[in-house]
Amino acid sequence: MVRVASIILFLSLLVWPLQVGAENAGSLVESGNAFYVAGEFDKALEAYEKALTEQPEAGEILFNKGNALFRKGEFEKAREAYQVAALHTRDNALAASAQYNLGHVVFAEGQRELESDPNKALSRWGQSVEHFQEALRIDPQREEAAQNIEVVRLAIKDLADRLKQAEEAAREQQQQREELKKKLEEVIKEQEAEIRENDILQEKAAQKPGESLSGEVQTLAADQEATRRKTESIAEELNGLTGSPPPAPQSSEPAPSAPAEHLEKALKAQQAAVEKLAETDLTAARSDQEKALRHLKALNDTDAGKNQGQCPNPQAGGQGPEEEAEDKGREQPLPQGGANQDPGKESKPDQQQTTGPNPEGGQEKRGEPEKEGKSAAAFSESPENILREEKEHRLQLQRAQQGVYKPVDKDW
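Structure report, in brief. Quick caveat, the model's predicted, so the values are computed rather than measured.

Looking now at the overall build of the chain. Scanning the chain from N- to C-terminus turns up 13 helices and 0 strands. Traced from its N-terminal end to its C-terminal end, the chain shows the element sequence α-α-α-α-α-α-α-α-α-α-α-α-α. Within the chain, the proportion of its 412 residues that are buried is 46%. Residue pairs in contact within the chain that sit at least 24 positions apart in sequence constitute 76% of those at least 6 positions apart.

And the structure:
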């Protein structure tokens, strides 16, 4: 299984100084910033929380609080802080940074859900792209946002492809299990017929003592051997379907439960029945035939290995994106677009922004999770098309800034 390619996002976790407000809040922010730079995120968070009691709607403090929470791995709280920061700031540079970091935190939330719920991870990653696009809309010069869009969309494409492969493999295994079940049911019928034939032969022997039944018994032995071979074929197919069977229990007392164990015991009993039929020992052979039948029926109750045939894990194949992104991207932050702007310079409110974060801490309206599975379909393009379309998207943003925006067919 092809694993997710290395994911290294350009991370923006700059600490913003507080430009306006009470002197006490300003000193608390400076103290928090110093703790943040020193890697003491708990102390930084404590200082930011105190500053927020002075200025609860200061975008810079909320942004810094989100940074500290992000570093602590408290992604949901970090997301809420960034959302409120984006809502309350009138500084476009800070608004773009908040949206940019929202892209990171939502992506990280998706990484945490990757193994337990890959479809939900796809949805999260789709929201991550939207936040990076919003950052790019506010600040078209932020190249890192454009690069992150490409990186995340390629990761989505890769994961969607692997999920599709896993679903196809699961369907194929299910079909194989159904075919095995039909074969097993036929073997069970044959084994039952051979037990009935054994009973008939024993009745004949009782009614006519001394009459030779060796020919009929040898025919029954040949039939039993044919049934044993069919059972052996089922065992080989099941082993190929489920991989190596689990080891047998140490204790021989409990009845076996694993499909492979039932098959092994059924085969041994059938082989013993063949050998005893060859010796014309019908009574002993019947006991082995009944034992074989019990194990075959028990195997049938397990649905021919249903509990062993698992859907391939899309994470299989090595280290997943969560470890790689966090180890490489987060520990080596790169400069963000717009970082050199004067954070104290007041910008006019962005008149184009019609939706924003929910001050109650919920998801953004434009970034609400879509139905599971939709992301996989939305990102089914080839990598070349993804890169080409993203380039066209950036060109459209540039035209919009120049006042020559033209409508496009694809809604990003």
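To continue, consider unusual backbone geometry. Despite not being glycine, Thr-280 shows a phi value in the positive range, around 60 degrees. As for its placement among the helices and strands, Thr-280 is situated in the loop between α9 (259-278) and α10 (282-301).

Packing of helix α7 (residues 143-207) against α10 brings their axes to within 10 Å, and their N-to-C directions diverge by 160 degrees. By the angle class used here, α7 and α10 are roughly antiparallel. Remark: the crossing between α7 and α10 carries left-handed chirality. In the contact of α7 with α10, the residues fall into 11 nonpolar, 6 polar and 8 charged.

By the definition in use, this model includes 25 salt bridges. Two residues, Lys-230 and Glu-190, come together in a salt bridge whose shortest N-O distance is 2.5 Å. Taken together, the residues span a long stretch of sequence, with Lys-230 in helix α8 (residues 214-242) and Glu-190 in helix α7 at a distance of 40 residues. With relative accessibility at 24%, the residue Glu-190 sits in the partly exposed group. Among the ionic contacts, a cluster of salt bridges with common partners joins Arg-79, Glu-109, Glu-113, Lys-120 and Arg-124.

Once that is clear, we can look at the nonpolar core. One finds Tyr-48, Ile-61, Phe-63, Phe-70, Ala-78, Tyr-82 and Val-105 to be the most contacted residues of the largest nonpolar core, which totals 27 residues. For this core, the secondary structure elements donating two or more residues are α1 (23-37), α2 (41-54), α3 (59-71), α4 (75-88) and α5 (92-112). Counting 19 residues, the second-largest nonpolar core is a separate cluster that includes Trp-125, Phe-132, Leu-136 and Leu-163.

The next thing to look at is the side chain of Glu-194. You can see Glu-194 is positioned in helix α7. Here Glu-194 occupies a buried position and makes no salt bridge, while the nearest side chain of opposite charge, Lys-230, is found at 7.7 Å.

Quick look at the environment of His-295 now. Its location among the elements puts His-295 in helix α10. Classification of His-295 as buried rests on a relative accessible area of 11%. When the C-alpha positions of His-295 and Lys-265 are compared, they lie 6.8 Å apart, and in sequence the two are 30 residues distant.

Further remarks concern the packing of aromatic side chains. Applying the stated criterion across every chain, the model contains 5 aromatic pairs. Between Phe-107 and Trp-125, the aromatic rings sit 4.8 Å apart at their centres with planes inclined by 15 degrees, giving stacked as the arrangement. Separated by 18 residues along the polypeptide, Phe-107 in helix α5 and Trp-125 in helix α6 (residues 118-138) bring together distant segments of the chain. Comparing Phe-107 with Trp-125, the two get one shared label, buried. Sitting over the ring of Tyr-100, Arg-142 keeps its end group 5.6 Å from the ring centre.

Once that is clear, we can look at α9. In an α-helix, one turn spans 3.6 residues, which is why side chains three or four residues apart end up on the same side. Between its terminal C-alpha atoms α9 stretches 29 Å, which fits the 28 Å expected from 20 residues at 1.5 Å a residue. Two residues or fewer after α9 comes Thr-280, characterised by a positive phi angle close to 60 degrees.

Procedures and definitions
Residues numbered from 1 in each chain as written. Predicted model: local features only at pLDDT ≥ 70, side-chain atom pairs only at ≥ 80, totals over all residues. Heavy atoms only, no water. Helix = DSSP H or I, 4+ residues; strand = E, 2+ residues; numbered from the N terminus. Buried < 20%, exposed > 50% of the residue type's maximum accessible area, 1.4 Å probe, protein only. Contact = heavy atoms within 4.5 Å. Axes fitted to C-alpha atoms, helices over the stretch in contact; angles between N-to-C directions. Parallel < 35°, antiparallel > 145°, perpendicular 65-115°, else oblique. Left-handed = near helix turned anticlockwise from the far one by under 90°. Nonpolar A, V, L, I, M, F, W, Y, C, P; charged D, E, K, R; others polar. Salt bridge = Lys/Arg side-chain N within 4 Å of Asp/Glu carboxyl O. Core = buried A, V, L, I, M, F, W, Y, C linked by side-chain atoms within 4.5 Å. Lys, Arg positive; Asp, Glu negative; His and termini not counted. Phe/Tyr/Trp six-rings, centres within 6.5 Å; stacked < 30°, edge-to-face > 60°. Lys NZ or Arg CZ within 6 Å of the ring centre and 35° of its normal. Expected span 1.5 Å × (residues − 1).

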